[in-house]
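Breakdown of the fold
The lines below spell out each chain.
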Amino acid sequence: MNNRDFLGYGTSPPHVRWPGGAGLAVSLVLNVEEGAELSLADGDAVNESVHEVTQPVLAAPDLCLASHFEYGTRVGYGRIASVVAEAGVPMTLNACARSLIGVPWLAQHAVAQGHEVSCHGWRWESHAGMDEVYERELIARAHAEITRVVGVAPVGWHTKSSPSINTRRLLVEHGGFLYDSDAYNDDLPYYLPVGGQPHLVLPYAFDTNDMRFFGTQS
């Protein structure tokens, strides 16, 4: 059954009253995925395939790729945290639970600075086609581990790539999530009826994500 919504707010978007009378609200997101990528060294069956260069390492730990993923926590986070602190702007950390287990200091620093930590899944993976029972367990595990590491329960969720047809319902059933960002179809937040209650969707965007640089040398 096709239940896609091609209308949305149409030609009559709501007049949103943002806090403080602001004329615009910007959701600033920093993805934290380091240590959540596929890695033979971490017990996964294969190494991560998403890389800046096409050089698959199939039967051994990929030390080059591992080094790439370390840059974000060793250097990138500190630089970005300094910039947003100077600007006085809060941000959301879309963090994989497996990432934060390896770098708990990063999440704790972010919360101390007034930033939100949202759940980016257990690890950096698509949920499309995932078994429902397994996905339910992963959502609960990710929520519990982020709560343990950060000291604050995450209320947001964003799947890498595509969610499954069950993801949004499972988030509502879990009860710990107020919104998800598994949509790219609007500039404004909107509510959907899920499980007999309104569920908030805060759309994400790839045109302002570093994915726009994949497949180019510019």
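The rules behind the values
Residues numbered from 1 in each chain as written. Predicted model: local features only at pLDDT ≥ 70, side-chain atom pairs only at ≥ 80, totals over all residues. Heavy atoms only, no water. Helix = DSSP H or I, 4+ residues; strand = E, 2+ residues; numbered from the N terminus. Buried < 20%, exposed > 50% of the residue type's maximum accessible area, 1.4 Å probe, protein only. Lys, Arg positive; Asp, Glu negative; His and termini not counted. Salt bridge = Lys/Arg side-chain N within 4 Å of Asp/Glu carboxyl O. Contact = heavy atoms within 4.5 Å. Pairing = 2+ DSSP bridges.

Some points on the side chain of D182
Topologically, D182 is positioned in the loop between β5 (179–180) and β6 (190–194). No salt bridge is formed by the buried D182, whose closest oppositely charged neighbour, R168, lies at an N-O distance of 5.6 Å. In contact with D182, other than residues within four places in its own chain, are W157, H158, T159, P163, T167 and R168.

Some points on the environment of L65
Checked against the element boundaries, L65 lands in helix α1 (residues 63–87). Taking relative accessible area as the criterion, L65 reaches 3% and is therefore assigned buried. Distance from L65 to E48, taken between C-alpha atoms, is 7.9 Å for residues 17 residues apart in sequence.

Focus on the pairing of strand β7 (residues 197–201)
The two faces of the sheet receive side chains in turn, since in a regular strand these alternate between them. Pairing geometry for β5 and β7, over 2 bridges, is parallel. Along β7, the bridge assignment pairs D180 with V201. The turn linking β6 back onto β7 is made up of 2 residues, and G195 within it adopts a positive phi angle of 60 degrees.

Side note on helix α5 (residues 167–174)
Listing the buried residues of α5 in full gives T167, L170, L171 and V172. Next to the buried residues of α5 lie α4 (132–150), β4 (156–157), β5, β6 and β7. In the stretch just after α5, G175 is the one whose phi turns positive, near 90 degrees.

Focus: the pairing of strand β2 (residues 92–95)
With burial as the criterion, each face of β2 is covered, one bearing T92 and N94 and the other bearing L93 and A95. With 4 bridges joining them, strand β1 (residues 29–32) and β2 adopt parallel strand pairing. Paired with V32 across the bridge in β2 is A95. Two elements, β2 and strand β3 (residues 116–119), share 4 bridges in a ladder whose sense is parallel.

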